[in-house]
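Reading the structure
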Amino acid sequence: MSNRLNAPNDLRAFWMPFTANRQFKKEPRLFVGAKDMYYTTHDGRQVLDGTAGLWCVNAGHCRPKITEAIREQAGELDYAPAFQLGHPKAFELANRLVDIAPEGMDHVLYTNSGSESVETALKVALAYHRAKGDGARSRLIGRERGYHGVNFGGISVGGIVSNRKMFGSLLTGVDHMPHTHFPDKNAFSRGEPEHGGDIASELQRIITLHDASTIAAVIVEPVAGSTGVLIPPKGYLQKLREICTQHGILLIFDEVITGFGRLGAPFAAQYFDVKPDIITTAKGLTNGVIPMGAVFVTSEIHDAFMSGPEHMIEFFHGYTYSGNPIACAAALGTLDTYKEEGLLTRAAELASYWEDGLHSLKDCPNVIDIRNVGLIGAVELAPIAGEPTKRAFNAFLKAYEQGLLIRTTGDIIALSPPLIIEKQQIEELFGKLRNVLQNNI
Ligand SMILES: Cc1ncc(COP(=O)(O)O)c(C=O)c1O
């Protein structure tokens, strides 16, 4: 038996994810409650949620339909085995999801996170080609600065150096397209930047190098989020689609942050009018309340697996919690909330107001770029000489003190509020952020 006598509020045991643990434990920041657009801190302050938690609480906090659905489901059917058995809500949810997905994305696999959605999508892509007798297609192409979660497939196709460098040689047979950030030409663009769409033709160069017959899939975030919000230049995604189609390569959109209304359409694929073959989602699927993800695939992909004896498993993949009843109930409550309140298209109504508010910060000290699309915004700051990331981290701490939650990555501030945000809260957000930026950070 342990002889440790830690006080219940001792902070040492929990090794926190993606956190400066030593700094945090000296100056803890704890949330103890949340409602709609605001968190309540342990010291009783209200904090405006400028980031929808971690890009996931799209309908705002503690929404009654979702809370109620979870409560009811927990008392009715808590768990059903996910393999060879089912429960009604898993099927109901899949149908509801397919209804709002881009046309032709007719089948859904469940996961428990964005990272698992990515692993699932990569495995579907590899297995699809093999099922079609094209098993030499085993290469995966990602992009510099891409974020696809933290599992081995995701960090292999991802392009964020700090997420990769500690973890050995990763998956083999992976290549990366160049990123799409051209601050010299595109700084302070509103929406999709004018310059740089042609960089998509670098995919053609990679295909020429490896030969199309060896390439299974290309994976990109339609809007790169975690690297600090990079909006695709005009024509870029369309060109990727054309090249993939021409060479029989599957195109995967990682919509873990853009899915469920972030841009003003249910999915970025609809917003940009570019149809991928596979879409990964999580986060907004359950409003962040219960861990769950979903991977959408076309009928063509699904049907390629449906051969062989009927008693045989068609795809050797899945999780104990795939389609967990409580997660499905939370997702159904979330979709009901989105529908009743028009949240999957609300970002389109607010986008220009949001854009004007965001770009009004251009005159603040150290601001070197501002980027936006839908209800996403980024403010890039000049790094403090010799101390990269510190200026943005200082801004995060100051904002928290002043009652505003922002997210930072490198020296970039990223914003993605719940889609229920009102205009006067947009003003509050940018007013507070202006104070922070003017405060000698
Ligand atoms: C595009 C993208 N893919 C995957 C993930 C990973 O999701 P999770 O943290 O749920 O594993 C994220 C998380 O931010 C993401 O933004």
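So, here is what we can say about the structure in this document. (Residues numbered from 1 in each chain as written. Predicted model: local features only at pLDDT ≥ 70, side-chain atom pairs only at ≥ 80, totals over all residues. Heavy atoms only, no water.)

1. Here we look at the pattern of salt bridges
The final tally for this structure, using the stated rule, is 20 salt bridges. A salt bridge links R63 to D36; the nearest nitrogen and oxygen atoms lie 3.8 Å apart. Here R63 is found in the loop between α2 (52-55) and α3 (64-76), whereas its partner D36 is found in the loop between β1 (31-35) and β2 (38-41), with 27 residues between them in sequence. Given the relative accessible area of 12%, R63 is considered buried. In this structure, E68 and R71 form a salt bridge, with 3.0 Å as the shortest nitrogen-oxygen distance. With E68 and R71 both in helix α3 and three residues apart, this pair spans about one turn of that helix. Judged by relative accessible area, E68 falls into the partly exposed class, the value being 36%. Residue R71 is classed as exposed on the basis of its relative accessible area of 54%. Three or more residues are tied together by salt bridges with common partners; here these are K35, D36, R63 and E341. (Salt bridge = Lys/Arg side-chain N within 4 Å of Asp/Glu carboxyl O. Helix = DSSP H or I, 4+ residues; strand = E, 2+ residues; numbered from the N terminus. Buried < 20%, exposed > 50% of the residue type's maximum accessible area, 1.4 Å probe, protein only.)

2. Details of the nonpolar core
Counting 99 residues, the largest nonpolar core has L97, V379 and L437 as its most contacted members. Of all the elements, helix α13 (residues 325-340) adds the most residues to this core, at eight residues. In this structure, L97 is in contact with V108, Y110, F260, L285, A294, F296 and L335, ignoring residues within four places of it in sequence. Membership of the second largest hydrophobic core comes to 20 residues, among which are L122, I219, V297 and F305. (Core = buried A, V, L, I, M, F, W, Y, C linked by side-chain atoms within 4.5 Å. Contact = heavy atoms within 4.5 Å.)

3. Some words on unusual backbone geometry
Here the phi dihedral of F188 falls at roughly 65°; this positive angle occurs in a residue that is not glycine. You can see F188 is positioned in the loop between α8 (183-186) and α9 (202-210). Relative accessible area serves as the criterion here: at 22%, F188 is assigned to the partly exposed category. Positive phi values are uncommon outside glycine, yet T389 reaches one of about 80°. Relative to the helices and strands, T389 resides in the loop between β12 (376-381) and α15 (390-401). By relative accessible area, T389 is classed as partly exposed at 41%.

4. With respect to the sheet that holds strand β11 (residues 367-373)
An order of β11-β12-β15-β14 is seen for the four strands of this open sheet, with the pairing classed as antiparallel. A single partner strand is all that each edge strand has here, and the edge strands are β11 and β14 (407-409). Between one strand axis and the next, the sheet turns by 20° as a mean value, whatever way the strands run. Across four bridges, β12 lies against strand β15 (residues 412-415) in antiparallel orientation. Bridge pairing links V379 to I413 in β15. Strands in contact with helix α14 (residues 343-359) are β11, β12 and β15; relative to β11, the strand with the most contacts, it is inclined by about 175°. On the sheet, α15 packs against β12, β14 and β15 and is oriented at approximately 170° with respect to β14. (Pairing = 2+ DSSP bridges. Axes fitted to C-alpha atoms, helices over the stretch in contact; angles between N-to-C directions.)

In short, the description is geometric, and any link to function would need to be established separately.
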